[in-house]
Amino acid sequence: MNNQSLQQRRLAASPRGIGVMCPFYADRAQNAELWDIEGRRYIDFAAGIAVLNTGHRHPRVTQAIAAQLDRFTHTCYQVVPYESYVRLAERINAATPGTHAKKTAFFTTGAEAVENAIKIARAATGRPAVIAFGGAFHGRTLLTMAMTGKVAPYKIGFGPFPADVYHVPFPHALHGVTEQDSLRALDTLFKTDVDPARVAALIIEPVQGEGGFNAAPPSFLRALREYCDKYGILLIADEVQTGFARTGKLFAVEHSGVVPDLMTFAKSLAGGMPLSGVCGRAEIMDAPAPGGLGGTYAGNPLALAAAHAVLDVIEEEQLAARAQVLGERLTSRLQALRADVPQISEVRGLGAMVAVEFADAQGQPDAAQACAVQQRALERGLILLTCGVYGNVIRFLFPLTIEDAVFEEALDILQTCLRG
Ligand code: PMP
């Protein structure tokens, strides 16, 4: 078995709609390193798309999963409940912003968490409509696809989508959209498309992930909070990509001081095990009737065991502070390269959620450059992800537990690849 023969089998056995980035196949991985089936080593700056803030196979996480494996792997929480679910809900309720009474429900994927947040918001408000942002990514199910603000490749051929989902532009100074433009668009939306009294929820990623690592200015989040309060709309922070220390705080919304009514999370919560959740004001979370929420695998015991270990590791290894340090190191390297690499149009980030954006000589988004850097890096053993509405951004999602030497090695590769 080698990469090439597996590539042929993959193309014959699974649909092309599941786009695959790397032409090699994983054999094993440890912290920030991954080896393919031919024994080649890679430094993993994708981390399973923001899932491995605590790295591949953190010993605390694997031990927790192994211990749970010896007890039970599945009962379905709605049939026979278990203490680890209750305790994780308590931990999340205590760790999320706001001192009010909260409750948490667990699910399996990020999209499922977002879908359930909307179900809860509709049940609590009795209102149907949802507002999301251009460039947003909320998932691949039909409702979350409707909420996702990027057509290609997510929406093409999959409509019609659920109704009553509206978009306003996300502020992005580099692309000429100011905070005021976005707020004006919201006012316009309320005049031209939807009565605010019909809006159940407004959902925002505090830092857009797939959309290009665009951070919402804190003043913008505060303004949205005011709009929501004025019109009785619930504010949902989608922290699926930003959560669990990536931005230098446990949750990105904490940078603004804004307290959302509901928060969705997934990815790095459980160190590679599928687990997601919705946390929110107790009275809102209690709006759906018993049986209205759940799922056969929702709150899987192995994933919950992993999540407890992940939260312990984040605390004990002070990964929020580490995110800040690593983010600054990466940012200053990228800034220093700007003199040599004129295609870099912006280096931005919050904590370790850092990205570099490319433009051509005419100032237009340059996706080819992002792709070329990604390709060169892969050839040199560094796995990088692109993002952005124009696909012209490279984002960095290394494990926050990465060893200093491996981090420096990766930055050296990156520097070489950026210089071309
Ligand atoms: N919300 C955000 C902000 C995301 O980044 C993602 C995944 N990239 C999702 C939701 C969907 O998560 P999943 O792929 O686990 O369904």
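These numbers come from a predicted model, not from an experiment.

Things to note about the side chain of Asn392
Piece 1. Within the secondary structure, Asn392 sits in the loop between strand S16 (385–387) and strand S17 (393–396).
Piece 2. At 3.1 Å, the side chain of Asn392 forms a polar contact with the side chain of Glu357.
Piece 3. Among all residues touching Asn392, those that are not within four sequence positions of it are Val356, Glu357, Phe358, Pro365, Asp366, Ala367, Ala370 and Cys387.

Quick look at the pairing of strand S12 (residues 276–281)
Piece 1. Counting buried positions along S12 yields five of six residues, so the element is predominantly enclosed.
Piece 2. Bridge count between strand S11 (residues 262–265) and S12: four bridges; the pairing is antiparallel. Note that in S12 the partner of Thr264 across the bridge is Val278.

Digging into empty space enclosed by the protein
Piece 1. Inspection of every chain in the model, using the stated rule, returns one cavity of 30 Å³ or more.
Piece 2. In this structure, the largest cavity spans a volume of roughly 60 Å³.
Piece 3. At the level of secondary structure, the elements contributing two or more residues to the lining of the largest cavity comprise S11 and S12.
Piece 4. Take the lining of the largest cavity: its biggest share by element is three residues, from S12.
Piece 5. Classifying every residue of the lining of the largest cavity by side-chain character gives five nonpolar, three polar and three charged.

A few points about the environment of Ser276
Piece 1. Within the secondary structure, Ser276 is located in strand S12.
Piece 2. Expressed as a C-alpha distance, the spacing of Ser276 and Ala111, which sit 165 residues apart in the sequence, is 8.7 Å.
Piece 3. Residues contacting Ser276, with those up to four places away along its chain left out, are Ala105, Phe106, Phe107, Thr108, Thr109, Gly110, Ala113, Phe265 and Ala266.

Reading the values: the criteria
- Residues numbered from 1 in each chain as written.
- Predicted model: local features only at pLDDT ≥ 70, side-chain atom pairs only at ≥ 80, totals over all residues.
- Heavy atoms only, no water.
- Helix = DSSP H or I, 4+ residues; strand = E, 2+ residues; numbered from the N terminus.
- Polar contact = N/O pair within 3.5 Å; in protein donor to acceptor, adjacent residues only side chain to side chain.
- Contact = heavy atoms within 4.5 Å.
- Buried < 20%, exposed > 50% of the residue type's maximum accessible area, 1.4 Å probe, protein only.
- Pairing = 2+ DSSP bridges.
- 1 Å grid on protein atoms, 1.4 Å probe; cavity = no way out; pocket = protein on both sides within 12 Å on 5 of 7 lines; lining within 4 Å.
- Points joined across faces, edges and corners; volume = space filled by probe spheres on them.
- Nonpolar A, V, L, I, M, F, W, Y, C, P; charged D, E, K, R; others polar.

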